[in-house]
Amino acid sequence: MRQTPVGDTARLKRRYRAEKRFKCYALSAVLLAAAFLVFFFFDIISQGYTAFFQARIQADIQYTEQSVEMPLAAVNEEMRSLVSRGRLRTIPLEVKANPELMGTTQTEWVVATAEVDQYLKDKPNQLKPKQQRIVDRLQEEGRAKLAFNTGFFTNGDSKMPEIAGIFSAVIGSVYVLSLTLLFSVPIGVMTAIYLEEFAPDNRFTQAIEVNINNLAAIPSILFGLLGLAIFINFMGVPRSSALAGGLTLGLMTLPVIIISTRAALRAVPDSIREGAHAVGASPWQVVWHHVLPLSLPGILTGSIIGLAQAMGETAPLLIVGMMAYIPDPPSGITDAATVLPAQIYTWSSASLRAFGERTAAAIIVLLAVLLTLNATAVFLRKKYERRW
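## Observations concerning the pattern of salt bridges
Stage number 1. Applying the stated criterion across every chain yields a total of 15 salt bridges.
Stage number 2. With a closest N to O distance of 3.5 Å, lysine 23 and glutamate 19 form a salt bridge. Taken as a pair, lysine 23 and glutamate 19 lie in helix α1 (residues 6–48) at a separation of four residues, close to a single helical turn.
Stage number 3. Lysine 123 serves as the salt-bridge partner of glutamate 357, at 2.9 Å between the closest nitrogen and oxygen. Of this pair, glutamate 357 sits in helix α17 (residues 354–384) while lysine 123 is found in the loop between α6 (114–120) and α7 (129–140), placing the two residues 234 residues apart along the sequence.
Stage number 4. By relative accessible area, which is 22% here, lysine 123 ends up partly exposed.
Stage number 5. Look at the salt bridges and you will find they share partners, linking Asp117, Lys121, Lys123, Glu357 and Arg358 into a network.

Printed below as a string of structure tokens:
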């Protein structure tokens, strides 16, 4: 029986040890990445979940001529530094809409200031000792509490963090992403079909393919400069509008959709095409009736991933002016608008401490949407995947 030489045995043992070390390094890298991911989610959630609750105080609101002219007069002096001015500023509008309120006193739960909110959440705040004693007394009497912050989802942006919300940014995001989808998907899919099914293999098409691959890898801020030059300066699209943002993100998403669509088309076996040609189908009928339906799941998956990537972009929108203070939601695609990533950026640079938790809360909402989109893409790919 042939025996393994001593030198070969030693080399074999070294290879096995090297293989074990490589597996150990790979497992360590996976665990390290998972640890960073867990830490990221824990940090964001621990900072942001408190923004979903807002301090409220039970106060007597007096509807008088004096309070209409000077809203601070609607509450007694003790409450003036505790009740949000954002709530008191609505008194003239309420009286105008319902004149019967004039001369009455209404007891209601009102939004408290950001400092009171931070105090009830045991966070750093600038309340004076006297104000803290008042809040403690109100809390003991059951007149101060933390309630679910519906205003975070129904209000627009505000300079007062206690009434600031993401509604305007969400509506702006819907407008922008809808325009991105309408602009990039048809053009991207048709471009991919031409390049994959009809274009001749020459230097011109090869140059186009190289440029498309390069465009998918360049920094996104360059697409913002391109959008500024083409859509705003040349075509006259209103600056800061959802139309400008949607077209700019559409340019950025085009390479991703083209590449993913070509991969989906390429995955369809040539036997499908040859069989369709054999029964007399034209090249366009082959694509429209056979290749495109079979590749549709992959095209849809790539489009969703491209849309998710566009939703998280901020740099291109900064160039086209969608970083402005927008308290009201846009009523059309040409109105000034902002998007959720831009809202997050604006809040993160605000000086007031209370905006910090709202920044984290908005990130949680954005992550939830992005994870949902990616999960949908994975589900569709698994559900409709075909193995040839």
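We are not done yet, so read on.
## A short note on a nonpolar patch on the surface
Stage number 1. A grouping of Ile45, Tyr49, Phe53, Leu146, Phe148 and Phe153 is seen on the molecular surface, where their side chains present a nonpolar patch of about 560 Å² in accessible area.
Stage number 2. Looking at the element boundaries, isoleucine 45 is found in helix α1.
Stage number 3. Under the relative-accessibility criterion, isoleucine 45 is labelled partly exposed at 43%.

## Description of helix α11 (residues 220–234)
Stage number 1. The end-to-end C-alpha distance of α11, which contains 15 residues, comes to 20 Å, matching closely the 21 Å that a straight helix rising 1.5 Å per residue would cover.
Stage number 2. The principal kink in α11, of about 30°, is found at leucine 228.
Stage number 3. All of the buried residues along α11 are Ser220, Phe223, Gly224, Gly227, Leu228, Phe231 and Ile232.
Stage number 4. In the core, the buried residues of α11 are packed alongside α10 (203–215), α12 (242–266) and α15 (315–319).
Stage number 5. Once α11 finishes, glycine 236 follows within two positions and takes phi at roughly 75°, a positive value.

## So, the sheet that holds strand β2 (residues 105–111)
Stage number 1. Here three strands make up an open sheet; going across it, the order is β2-β1-β3 and the pairing antiparallel. Sheet topology places β2 and β3 (144–148) at the edges, where each strand pairs with a single neighbour. Here the average twist between neighbouring strands, direction ignored, is 40°.
Stage number 2. One ladder, built from five bridges, connects strand β1 (residues 53–62) with β3; its direction is antiparallel. For arginine 56, the partnering residue across the bridge sits in β3 and is lysine 145.

## Regarding the packing of helix α9 (residues 167–198) against helix α14 (residues 283–311)
Stage number 1. Interaxial distance between α9 and α14 falls to 9 Å at its minimum, and their mutual angle equals 140°. When the axes of α9 and α14 are compared, the pair comes out oblique. The two elements α9 and α14 meet at a crossing, and its hand is right-handed. For the pair α9 and α14, the contacting residues are Leu177, Thr180, Leu181, Val185, Val189, Ile193, Glu197 and Phe198 in the first and Pro283, Trp284, Val287, Val291, Leu292, Ile299, Ser303, Leu307, Ala310 and Met311 in the second.
Stage number 2. Among the residues forming the contact of α9 with α14, the class breakdown is 15 nonpolar, two polar and one charged.

## Re the packing of aromatic side chains
Stage number 1. The tally for this structure, following the rule as stated, stands at nine aromatic pairs.
Stage number 2. On the basis of an interplanar angle of 15° and a centroid distance of 6.2 Å, the ring pair of phenylalanine 148 and phenylalanine 153 is categorised as stacked.
Stage number 3. Members of the aromatic cluster, each reached through a chain of ring pairs, are Phe52, Phe53, Phe148, Phe152, Phe153, Trp347 and Phe355.
Stage number 4. The ring of tryptophan 109 has lysine 145 sitting right over it, with the charged end atom 4.4 Å from the ring centre.

## Some thoughts on a positive patch on the surface
Stage number 1. A cluster of basic residues, Lys13, Arg14, Arg15, Arg17 and Arg21, forms a positive patch on the protein surface.
Stage number 2. As for its placement among the helices and strands, arginine 15 is situated in helix α1.
Stage number 3. Residue classification places arginine 15 among the exposed positions, given a relative accessible area of 52%.

Rules of the game
Residues numbered from 1 in each chain as written. Predicted model: local features only at pLDDT ≥ 70, side-chain atom pairs only at ≥ 80, totals over all residues. Heavy atoms only, no water. Salt bridge = Lys/Arg side-chain N within 4 Å of Asp/Glu carboxyl O. Helix = DSSP H or I, 4+ residues; strand = E, 2+ residues; numbered from the N terminus. Buried < 20%, exposed > 50% of the residue type's maximum accessible area, 1.4 Å probe, protein only. Patch = residues over 30% accessible without salt bridge, like charges linked within 9 Å, V, L, I, M, F, W, Y side chains within 5 Å. Areas by Shrake-Rupley, 256 points an atom, 1.4 Å probe, with all protein chains shown as cover. Expected span 1.5 Å × (residues − 1). Bend = angle between axes of the 7 residues up to and from the residue. Contact = heavy atoms within 4.5 Å. Pairing = 2+ DSSP bridges. Axes fitted to C-alpha atoms, helices over the stretch in contact; angles between N-to-C directions. Parallel < 35°, antiparallel > 145°, perpendicular 65-115°, else oblique. Left-handed = near helix turned anticlockwise from the far one by under 90°. Nonpolar A, V, L, I, M, F, W, Y, C, P; charged D, E, K, R; others polar. Phe/Tyr/Trp six-rings, centres within 6.5 Å; stacked < 30°, edge-to-face > 60°. Lys NZ or Arg CZ within 6 Å of the ring centre and 35° of its normal. Lys, Arg positive; Asp, Glu negative; His and termini not counted. Charge placed at Lys NZ, Arg CZ, Asp CG, Glu CD.

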